[in-house]
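# Coordinate analysis (summary)
Chain by chain, the residues run as shown.
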Amino acid sequence: MNTVAAQVTPLDAVPPAGGQRWVERFAGLGFAAPAFILLVLTNLAPLAALAFLSFTNYELGALDFSFVGFKNFGAALQDPVIRRSVTNTLLYVAIVVPGGVLLSLLVAILIHQRKRTRSLYEVIYFLPVTSTLIAMATMWQFLLHPTLGLINQALKGLGFAETAFLSEPRLVIPTLAAIGIWQLVGFNMVLFLAGLSAIPRDLYEAVDIDGASHPIDRFLKVTWPMLGPTTMFVTVTTFITAFKIFDTVTVMTRGGPGGASEVLLYAIYLEGFQYFHMSYAATLTLVFLAFTLVFSVLQTFILDRRVHY
Amino acid sequence: MAGLTLRGIRKTFGDTAVLNDIDLDIADGEFLTLVGPSGCGKSTLLRIIAGLESQDSGSVSIGGTSVDHLRPHERRIAMVFQNYALYPHMSVFDNIALPLTMTRLNLFERLPLMRHLSLRRRRIMNEIAREVRAVAEQLRIESFFHRRPGQLSGGQRQRVALGRAMVRHPQAFLMDEPLSNLDAKLRVHMRGELTELHARLGATMIYVTHDQIEAMTMSDRLAVMDHGDILQLGTPADVYERPATTAVAQFIGSPAINLFQARVGPGGQVELLGRTLPIEVRNAPTPELTVGVRPEAMRIGGGPCAVTCRFRRRENLGSECILHFDLVASPEVAVLCRVDNGIPIPEGEVPLAFEPRDCHVFDNNGRRIEVESRNAAGRDLRRASEVR
Amino acid sequence: MRTSATITRPPTPVAIRMRRLVSLALVHAVLIGGAVFMLLPFVFMLTSAIKPPGEIFEATFRLWPRQFYGWQNFESALSTAPLLRFLLNGLIVCGGILVVQLLVAIPCAYALAKLKFPGRPILFSLVLLGLCIPVQAPSLPLYIAFAELGILNTYLSMMMPFFLSVFAIFLFRQFFKSYPDEIIQAARLDGVGEFEIVWRIVVPSAWPAIAAFSIFSVVAHWNDLYWPLIVVSDTKLATPPLGMMYFADSELGSNYGALAAGATIITAPLVIAFLIARRHFIAGITMTGIK
Ligand SMILES: Nc1ncnc2c1ncn2[C@@H]1O[C@H](COP(=O)(O)OP(=O)(O)OP(=O)(O)O)[C@@H](O)[C@H]1O
Ligand SMILES: [Mg+2]
C-alpha cells in the first residue's frame, strides 16, 4: 500500500526530502515579504522617483510636466541660495566634526578614570541627547538673547561687549555649531567610553613597565591607537549628523540673518514643502545625498564589522 | 519504536561531497554507533535522518515507510545535541513539556492571554505535567524543575535534554556526541545510565561519538565512517578483531595499530623486513602489503614473528605502560607496544614478537586480505573472512 | 638620559601627593566647566518655569525665584497649547512606529540570519544599501504620494515612512546570527513551526538588542521635527517638537515663563525615562552606535 501511494503522489517531482528545504523557502519568503514590500514602497521607489523628478519641471498640483534634462542641476549651481546653503553647511560641519569628536574624546577619557563621580558626569553629559532639541533650542535662544540673555549678561559682567550671537552673520553658524556640539558630545562620549572599556588593562601596564608612564605617553602609545576604529566610527557618524542640521536653523534663525544660516536641508525643505518646487527640491535632495553618500557608505561598512556578537 | 533504513544517501555542500551513497539498515531496538574522524559527515547523516537537512538523493525510511517528504517533527524522531540545545529562557519543566504542548495544544491555546480562554487547556496541561513528571522521575531531575538551563550543571543539562527527547516516545533517538561536554567521571557515569536507558526503553538509538570506549562498550553495532563513506559496519568485537581497512584499523584501538610495509613471497608467504612470517595470503592483487599489529599484541622477545626495534621512551598509564620504539630497519617508523607495568625496561635494540593470528594484512589499497595463518606448531589453518 | 636619571632624586611622597591633587583638581575643573555648559539650558528652563515674567531676565541669575510662579506658568502653558495632546501624539506615533518596526524587522532579520530562501543575498544587499540612505532623502516623493492619496495630516502619514527600519533588520540579523543553530533545530524536531520559533524561541533571547533598538527608535522619532513639520499642519496632530514650535511661534511665545514651563513638559518624558533606565539607554546607544 505504502509503496503504491508513494509512487502515485506527485512528491517525486519535488527533490527528495524536500520537506525542510521547502518549509525554509516558504517561511523565508513569507518573513521577508513585508519588509521587502515596505523597503520598496518607502525607500527604493521614492529614490527612483526622486531621480526621475530631478529631470522634470514637476510642481505639486501641476497637471502635466515635461523633461528638462539637466536644467535643474544647472539652476542649482547658479542659485546663490544653494551656494550659500552648501557653504554654510560645510562650515557648520567643519566646526562640529572636530569639535564634537575631540571634546567628547576628552570628556570620555577624563570620565573613564573617575570612579565615584563617573555616573554623575555620564548622566549630565548625556542629558542633551535625550532632550527634545526644539525645546532646548528655544532655551538657547533666550540664553543667547543679545541684551537680556544670561550669556550676554555674564559677558558684560566680565567686561566684554554685548554680542548678538544669532543676528551677527559671522557668528550665527559658529553659534549653531556650538549648540550642535552641545547636543552631540554625550552621544559620542558614550561610544568612546565603550571603546575605552574595551582596551585591555595590561596594555597600560606594559607601557608603564616600558617607561612611558606620563599620561600623554599613555594616550599616544595606547589609548589613541586602540581607539582608532571607534574614532573613525564616531567621526563618520558625527559628519552625517552634522550634515543633516535642520532643527536649530528652523527654530532659531530661519536661515537668517540675511541668509547667513541657510543650510542644505533647510533649503530643500523650503523649496519642496513651502514653495512646492518639487523637481528642483528633488535635485537638491540628490545633491544632499551625494554629499553624505561617501560617509554613509563608510558608516555602513564600519557598522557591518562593528555590530557582531 | 521502529527500525530505520537508509538507501543511497548523498549530500554535497557546494562542491564538497560530504556523504557518498550511504546504505544502512538499523534494526528495531538496536544501538548503533557512528564513529569516524572529525568532519567525516556523522552529524550531517544524523541531521538528514532527522529531516533537519535534506539529502541530495537517496531515501530515509522509518518503520518501513519513507519519511522523505515529512518535516522533522512529523518523523517522530528525537535528537540529543552535543551542547544540549535547551531553550535558554524556559524552565526545565517547560523545556521538557514543549514537544507535548506543541502537538497537543492548537495555535489558539498556545497564544499568550488567549490561551486562558480555552476550556480543555487545563486538562491537557495536567496530562502533560503528569507525563513530564514521569520522565523526570526516571532521570531524577524533578528537584530542579523550575530552574533554567543556565543554572544547571553539565550532567543535569544532559539529563534534561534526554528528558525532552524521551517525553515524546519517539520512534528513534539520535544522539550527536551527547557526552562530549562532560568531564571524564561524569562521562563514565552517564555512559552507564544511557546503556541502562537503552535496555529499559528498548529504543532504537543512533549514537555519534569520538570516544572509542563509548563506541566499544555501548553499541550493538558500530559503523566506522570516513570521508562520507561507511568503511565498516559490524559488532564492536568484529570491527576490532577484523578491521576491513587500514583506516578502520588505525581508527579503532588505542594506541593506534602499528603498520609495517611487507610483501608477498613466491609461495604466498608474507615477507616482513626480510623475514618470512608463518602466514600466507592468496589472491593478493599486488606484491606490496601492509601488515598491522596492535600494540597490545606485541611483546618483548624473539620468535618466528618479530621485528627488531630500538627503545625510545616509556609512557606510564598506571597499571600498564606504552613503550615507544623505532624500527631499526627504517627508523622513521614508530612502533608502540603496550605491556604490563612490571616488565623491565629494555635497552638498545630488542626484538618485538607477536603471534601470527594477531597479524592484520592489507593490500596496497588498504583493504583487508584473507589470511591463512599457521602457527609455529603447524596447526590448522585459520581462515579470516574478508569483510566487505 | 642615564646621567639625568641618576641625578634626579625620586620625588618625596608629599610632592607626589601634591601633584596628584593638582591634577585631580584640574580634571574636575574641566569636567565641571563642561557640565555647567551642558546643564545651562536645563537649569535655565527649570528656573524660568517657576519665575514670574519680571524675574526671568534679571541681571543676577538666581536658582530659586523670590516669588514662586510655577503654578501660574504651568497653568498658562497647559491652557494656551494642548501640550498633553502633543505628548499623547508623540506616544501614539512613537509607539505605532516601534510596534510595526519590530513586527516587520524581526521575522525578516530571522529569515536573513537563519533561513535559506531564494533572493536572500539580494535582500541583504538592499538592506545595506538602505542603511546608506538618510531618512530625509525619500521624503519628497513620499510627500507627493501622500498628498495624492489624501492622507496628509493623519497619524498614518506620520508613521508610515518609518515602518521599515533597515537598521532594525541589520541589528537583529547580526544578533540572530549568533543564536545557536542547534536550538532552532531542536525546536523544529519538537514540532515548533518557523513562526513560533521566531517569537517563542529566538525573540526571548534577543531582548537586549530589542531594548537597545527600541530606545534608539523612540528617541529618534520623539525628537524628529523634519517629517511631522512636512506632513502635519493640523495642531491637534502635532508631535512634541512640532507642538513646541507652534507654541513658541504663537503670540504667547513671548510669555517666557509659560514657554519654559511648556518646554519642561515636552522634554520631561524622555529625560525622566532616561534617568530611570540610564544603564539601558547607555547600553542601547553603545550597541546601536548610530543616530
Ligand atoms: N551547512 C554546511 N555548509 C557547508 N559545509 C558543511 C555544512 N555542514 C557541514 N559541512 C561540512 O560537511 C562536513 C561534514 O560535517 P559534519 O558536521 O557532518 O562532520 P562530523 O563528522 O559531525 O564532524 P565532528 O566529529 O567534528 O562533529 C565537514 O567538512 C563540514 O565542513
Ligand atoms: Mg558533528
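How each quantity is defined
- Residues numbered from 1 in each chain as written.
- Chains lettered and ligands numbered in written order.
- Predicted model: local features only at pLDDT ≥ 70, side-chain atom pairs only at ≥ 80, totals over all residues.
- Heavy atoms only, no water.
- Helix = DSSP H or I, 4+ residues; strand = E, 2+ residues; numbered from the N terminus.
- Rg over C-alpha atoms; globule rule 2.2 N^0.38 Å.
- Buried < 20%, exposed > 50% of the residue type's maximum accessible area, 1.4 Å probe, protein only.
- Contact = heavy atoms within 4.5 Å.
- Lys, Arg positive; Asp, Glu negative; His and termini not counted.
- Charge placed at Lys NZ, Arg CZ, Asp CG, Glu CD.
- UniProt positions renumbered as here; feature names shortened; annotations may be inferred.
- Pairing = 2+ DSSP bridges.
- Near = heavy atom within 4 Å.
- Polar contact = N/O pair within 3.5 Å; in protein donor to acceptor, adjacent residues only side chain to side chain.
- Areas by Shrake-Rupley, 256 points an atom, 1.4 Å probe, with all protein chains shown as cover.
- Nonpolar A, V, L, I, M, F, W, Y, C, P; charged D, E, K, R; others polar.
- Salt bridge = Lys/Arg side-chain N within 4 Å of Asp/Glu carboxyl O.
- Domains from an automatic or database assignment.
- Buried area = accessible area lost by both parts, 1.4 Å probe.

Turning to the overall build of chain A, a few remarks are in order. Along its length, chain A carries 14 helices and 0 strands. Going from N to C terminus, chain A has its helices and strands arranged as α-α-α-α-α-α-α-α-α-α-α-α-α-α. A compact globule built from 309 residues would reach a C-alpha radius of gyration of about 19 Å, whereas chain A, at 27 Å, exceeds it by more than 25%. Dimensions of chain A, computed from the C-alpha atoms along their principal axes, are close to 105 × 70 × 30 Å. Put simply, chain A has 309 residues, and 51% of those count as buried. Within chain A, counting contacts between residues at least 6 apart in sequence, those at least 24 apart form 65% of the total. Each charge class in chain A was averaged separately, 18 positive and 17 negative side chains, and the resulting centres sit 5 Å apart.

A few words on the UniProt feature "domain: ABC transmembrane type-1" (unreviewed entry) in chain A. In the numbering used here, UniProt assigns the "domain: ABC transmembrane type-1" (unreviewed entry) feature to residues 86-299 of chain A. Taken as a whole, residues 86-299 of chain A contains 78% helix and 0% strand, while its terminal C-alpha atoms sit 22 Å from one another.

A word on the sheet that holds strand 2 (residues 16-26) of chain B. Residue and element names in this part refer to chain B. Here 4 strands make up an open sheet; going across it, the order is 2-1-4-5 and the pairing antiparallel. Where the open sheet ends on each side, the last strands, each with one partner, are strand 2 and strand 5 (65-66). Pairing geometry for strand 1 (residues 4-13) and strand 4 (residues 57-62), over 5 bridges, is antiparallel. Within strand 4, the residue paired with Arg10 across the bridge is Ser57.

Let us look at the sheet that holds strand 16 (residues 306-316) of chain B. Residues and elements named next belong to chain B. Pairing is antiparallel in the open sheet, where 5 strands are placed in the order 15-19-16-17-18. The open sheet has two free edges, formed respectively by strand 15 (299-300) and strand 18 (334-340), since each of these has just one partner strand. In the sheet, strand 16 pairs with strand 17 (residues 320-327) via 7 bridges, with the strands oriented antiparallel. Counterpart to Arg314 in the pairing with strand 17 is Leu323.

Moving on: the site of ligand 1. All names here are of chain B. Every residue close to ligand 1 is listed here: Phe13, Val18, Ser38, Gly39, Cys40, Gly41, Lys42, Ser43, Thr44, Glu177 and His210. Here an oxygen atom of ligand 1 and a backbone polar atom of Gly41 are 3.0 Å apart. Within the complex, 60% of the 630 Å² of free accessible area of ligand 1 lies under protein. At 3 residues, the largest contribution of residues to the shell around ligand 1 is made by helix 1 (residues 42-50). The residue makeup of the shell around ligand 1, split by class, is 3 nonpolar, 6 polar and 2 charged.

A few words now on the pattern of salt bridges. Pairing between side chains becomes possible if they bear opposite charge and their charged atoms approach one another. Scanning the entire structure with this criterion turns up 26 salt bridges over all chains. Where Arg110 of chain B meets Glu196 of chain C, a salt bridge forms, and the shortest distance between an N and an O atom there is 2.2 Å. Here the residue Arg110 of chain B occupies a position in helix 3 (residues 107-110), and Glu196 of chain C occupies one in helix 11 (residues 194-202), the pair thus bridging two chains. Looking at Arg110 of chain B, the relative accessible area reads 14%, which means it is buried. Residues joined in a network through salt bridges with shared partners are Arg118 and Glu122 of chain A together with Arg278 and Arg279 of chain C.

Our focus in this paragraph is the pairing of strand 10 (residues 229-234) of chain B. Residues and elements named next belong to chain B. As paired strands, strand 9 (residues 221-226) and strand 10 are joined by 5 bridges and run antiparallel to one another. Across the sheet, Met225 pairs through a bridge with Ile230, a residue of strand 10. In this antiparallel pair of consecutive strands, strand 9 and strand 10, the connection spans 2 residues, and His227 shows a positive phi of 45°.

Residues and elements named next belong to chain A. Mapped onto this numbering, the UniProt entry annotates "transmembrane region" (unreviewed entry) at residues 31-55, 90-111, 123-143, 171-194, 226-246 and 280-303. This span, residues 171-194, is 100% helix and 0% strand, and a straight line between its end C-alpha atoms measures 35 Å. Its end C-alpha atoms 33 Å apart, residues 280-303 is made of 100% helix and 0% strand.

A separate point is the domain arrangement of chain B. Taken domain by domain, chain B consists of domain 1 (4-241) and domain 2 (255-381). Distance between the C-alpha centres of domain 1 of chain B and domain 2 of chain B: 41 Å.

All names here are of chain B. The topology assignment puts Asp68 in the loop between strand 5 and strand 6 (77-80). Summary of buried charges: Asp68 has no salt-bridge partner, and the nearest side chain of opposite charge, Arg75, is 5.0 Å away. Of note is the side chain of Asp68, whose polar atom sits 2.9 Å from the backbone nitrogen of Val60.

Looking now at the interface of chain C and chain A. Facing the 97 residues of chain C at the interface are 97 residues of chain A. Interface area, chain C with chain A, both sides summed: about 8800 Å², of which 78% is carbon and sulfur. Linking Arg279 of chain C and Glu122 of chain A is a salt bridge whose minimum nitrogen-to-oxygen distance equals 3.6 Å. Our count for the chain C to chain A interface comes out at 8 residue pairs in polar contact (both at pLDDT 80 or more). Here the side of chain C that touches chain A takes 16 residues from helix 2 (residues 13-49) of chain C, the largest share from any one element. Grouping the constituent residues of the side of chain C that touches chain A by class yields 76 nonpolar, 11 polar and 10 charged.

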